[in-house]
Amino acid sequence: MYLSQLFIPLIKNLPTEAKIKSHQLMIRTGMIKQSSSGIYSWLPLGFKVMKKIEQIVREEQNHIGAQEMLMPTIQSSEIWKESGRYDDYGDEMLRIKDRQGREMLYGPTNEELITDVFRSSVKSYKSLPQILYHIQWKFRDEIRPRFGVMRCKEFYMKDAYSFDISDEDAKKSYNKMFYSYLKTFSRIGLKAIPMSAATGPIGGDLSHEFIILADTGESKIFADKKIFDIDINKYKFDDASLTRMRNDFTNIYAATDEKYNKDEFNNKVSKDNQVITKGIEVGHIFYFGDKYSKPMNCFIDDKNGKKITVKMGSYGIGVSRLVAAVIEANYNNDVMKWPKTISPFDVVIIPSFTKNNTENLRKAEKVYLELKKQNIDVLLDDVDENMSNKFKKHDLIGVPFQIIIGSKSEGDNLEFKELNSTSEILSLSNIKSKLRI
Ligand code: 5CA
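Residues numbered from 1 in each chain as written. Predicted model: local features only at pLDDT ≥ 70, side-chain atom pairs only at ≥ 80, totals over all residues. Heavy atoms only, no water.

## Quick look at the packing of aromatic side chains
Within a pair of aromatic rings, the relevant descriptors are the distance that separates the centres and the angle that separates the planes.
So, step 1. This structure, assessed with the given rule, holds 18 aromatic pairs.
So, step 2. With 5.9 Å between their ring centres and 85° between their planes, Tyr181 and Phe185 make a pair best called edge-to-face. With Tyr181 and Phe185 both in helix 6 (residues 167–187) and four residues apart, the pair spans about one turn of that helix.
So, step 3. Centre to centre, the rings of Phe185 and Phe210 are 6.1 Å apart; their planes meet at 45°, and the pair counts as tilted. Within this pair, whereas Phe185 is found in helix 6, its partner Phe210 is found in strand 10 (residues 206–213), the two being separated by 25 residues in sequence.
So, step 4. For Phe210, a relative accessible area of 0% puts it in the buried group.
So, step 5. Grouping aromatic residues by their ring pairs yields a cluster made of Phe178, Tyr181, Phe185, Phe210 and Phe249.
So, step 6. Here the guanidinium or amino end of Lys48 rests over the ring plane of Phe345, the centre of that ring lying 3.7 Å away. (Phe/Tyr/Trp six-rings, centres within 6.5 Å; stacked < 30°, edge-to-face > 60°. Helix = DSSP H or I, 4+ residues; strand = E, 2+ residues; numbered from the N terminus. Buried < 20%, exposed > 50% of the residue type's maximum accessible area, 1.4 Å probe, protein only. Lys NZ or Arg CZ within 6 Å of the ring centre and 35° of its normal.)

Okay, structure coming up:
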């Protein structure tokens, strides 16, 4: 893509409500545009990043055997009346009427809808376990939407739902999801810590939030620093190993302020190991047994022909919130560096040229075509502007690798720079292999 053709409205004057750095950067680089309070359009640059995150989430869900589907955004109030949540959910639920006067709502979450799908399709224990998920827009009429897409009204969520015949089996599904989340966040370049959490309107008595550390986070957290050292890659994907993994994490103290207990924290964690900071909740998992299956009559036959209620859990990842969370974790001193796995482009070529001397631009175009042939996603900065402005702009756009075509690049040897490091001179083939890893 040529930068001159990319729809990327760079904004100089920030709106005053953009208080945290992710919101500021997303507005400045034209990743999003507010449409009304808490509701945003995703412009090409932001959309590209979000789609890459979505794809990693999808791959890691598929990897544990979860199956993707798609449920609608608009739901009938009937199923919410069955579960008893229609009244409980309160003002966060956007309630609407269709032309026949039927009560509908824009889904804030999908426990009821998936239970309805499941109860009409599955009758026997033989079909279990199942994990289904979708990646879909949600709407919550947040009382105080703030920080851009971090806490907004319309947001993009991956929500998964597990169905098992017993508590014991359901815990296995929970552990699989726990594992999948840690893998997902690590591929996005984030260190997310699972913390014991309150269950709120989703319900149940077992729940973990996945939190990344950030000064601007809304959750206060209390943790033993040992939890940051656990390496998720050392666990195998079998039930015994996953149980060990969850025990390893949950045996170390880590809790949000809702679950924090001062005495317990001080007794369990030595002063030197105590981490008290703030964090952003990027995912949340729940086990709630038959909270929905019971009132909604979601029964199956067990192996003795007896009707039992299905045991369910639900598992959310804030896909759109993650875009902002990644920025909070990676944007420092006016430089944003996207993790390679989700960067909007693999590399940007920055030629130094003027209207009267376009030699470097021509050379850049040749390099561009070479890299495109290798399926490398390249941005070429063909905008006629001085180099210092260009560098400032690319510090914000955040493509982690740059090929600078100026005085240091000669023939096949090109100046290659990773953001936040010094540049080096490399042949094009070396650059290609660096970009491919
Ligand atoms: N049904 C369950 C799990 S599928 C559920 O809805 N959980 S949740 O309420 O915790 O939301 C899941 C994730 O969505 C959160 O961890 C958070 O990352 C994201 N999220 C929740 N509310 C918002 C919001 N207002 N703006 C942006 N992201 C949000």
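## Considering the site of the ligand
So, step 1. In the vicinity of the ligand lie 22 residues, with Thr109, Glu111, Arg140, Cys152 and Glu281 positioned nearest.
So, step 2. Here a nitrogen atom of the ligand sits 2.9 Å away from a polar atom, N or O, in the side chain of Glu142.
So, step 3. One nitrogen or oxygen atom from the main chain of Gly318 is found 3.4 Å from an oxygen atom belonging to the ligand.
So, step 4. Bound to the protein, the ligand loses 96% of the 600 Å² it would expose on its own. (Near = heavy atom within 4 Å. Polar contact = N/O pair within 3.5 Å; in protein donor to acceptor, adjacent residues only side chain to side chain. Areas by Shrake-Rupley, 256 points an atom, 1.4 Å probe, with all protein chains shown as cover.)

## Things to note about the environment of Pro400
So, step 1. The residue Pro400 is located in the loop between helix 11 (387–397) and strand 21 (401–405) in this model.
So, step 2. In the structure, Pro400 is positioned 63 residues away from Lys337 in sequence and 5.3 Å away in space, judged by C-alpha atoms.

## Observations regarding the pattern of salt bridges
So, step 1. This structure, assessed with the given rule, holds 31 salt bridges.
So, step 2. The partner of Glu54 in a salt bridge is Lys51, and the shortest N-O contact between them spans 2.9 Å. Here Lys51 and Glu54 lie together in helix 2 (residues 44–63), a separation of three residues that amounts to about one turn.
So, step 3. Its relative accessible area of 3% is what places Glu54 among the buried residues.
So, step 4. Ionic pairing is found between Lys408 and Glu415, a salt bridge with its closest N-O pair at 3.7 Å.
So, step 5. Residue class for Lys408 comes out partly exposed when judged on its relative accessible area of 49%.
So, step 6. Here the salt bridges share partners, and the residues they tie into one network are Lys51, Glu54, Arg58 and Glu68. (Salt bridge = Lys/Arg side-chain N within 4 Å of Asp/Glu carboxyl O.)

## Re the sheet that holds strand 21
So, step 1. In space, the five strands of this open sheet follow the order 20-19-21-22-23, with mixed pairing throughout. Edge positions in the open sheet fall to strand 20 (378–380) and strand 23 (424–427), since each of these has one partner strand only. For this sheet, the mean angle separating the axes of adjacent strands, direction not counted, is 35°.
So, step 2. Inspection of the sheet shows strand 21 paired to strand 22 (residues 413–418) by four bridges, in the antiparallel sense. Opposite Phe401, over in strand 22, you have Glu418 as the bridge partner.
So, step 3. Packed on one face of the sheet, helix 10 (residues 359–373) meets strand 19 (347–351), strand 20, strand 21 and strand 22 and runs near 165° to strand 19.
So, step 4. Contacting strand 19, strand 20 and strand 21, helix 11 runs over the sheet at an angle of about 170° to strand 19. (Pairing = 2+ DSSP bridges. Axes fitted to C-alpha atoms, helices over the stretch in contact; angles between N-to-C directions. Contact = heavy atoms within 4.5 Å.)

## What about the domain arrangement of the chain?
So, step 1. What the domain assignment reports for the chain is domain 1 (3–330) and domain 2 (347–436).
So, step 2. Between domain 1 and domain 2, the C-alpha centre-to-centre distance is 38 Å.
So, step 3. Contacts between the two partners involve ten residues from domain 1 and, on the opposite side, ten residues from domain 2.
So, step 4. Taken over both partners, the interface formed by domain 1 and domain 2 buries close to 800 Å², and the fraction arising from carbon and sulfur atoms is 69%.
So, step 5. Two residues, Asp377 and Lys48, come together in a salt bridge whose shortest N-O distance is 2.7 Å.
So, step 6. On the surface where domain 1 and domain 2 come into contact, there are four residue pairs in polar contact (both at pLDDT 80 or more).
So, step 7. When residues of the side of domain 1 that touches domain 2 are traced back to their parent elements, those giving at least two are helix 1 (21–28) and helix 2. (Domains from an automatic or database assignment. Buried area = accessible area lost by both parts, 1.4 Å probe.)

## Looking at the pairing of strand 19
So, step 1. Across the five residues that make up strand 19, a large majority, five, are buried.
So, step 2. Residues of strand 19 alternate between two faces, with Val347, Ile349 and Pro351 on one and Val348 and Ile350 on the opposite face, all of them buried.
So, step 3. In the sheet, strand 19 pairs with strand 20 via three bridges, with the strands oriented parallel. Directly across from Ile349, in strand 20, lies its bridge partner Leu380.
So, step 4. Between strand 19 and its parallel partner strand 20, the chain crosses via helix 10, and the hand of that crossover is right-handed.
So, step 5. By the bridge criterion, four bridges tie strand 19 to strand 21 in an arrangement that is parallel. What sits directly across from Ile349, in strand 21, is Ile403. (Right-handed = clockwise from strand over helix to strand, strands pointing away.)

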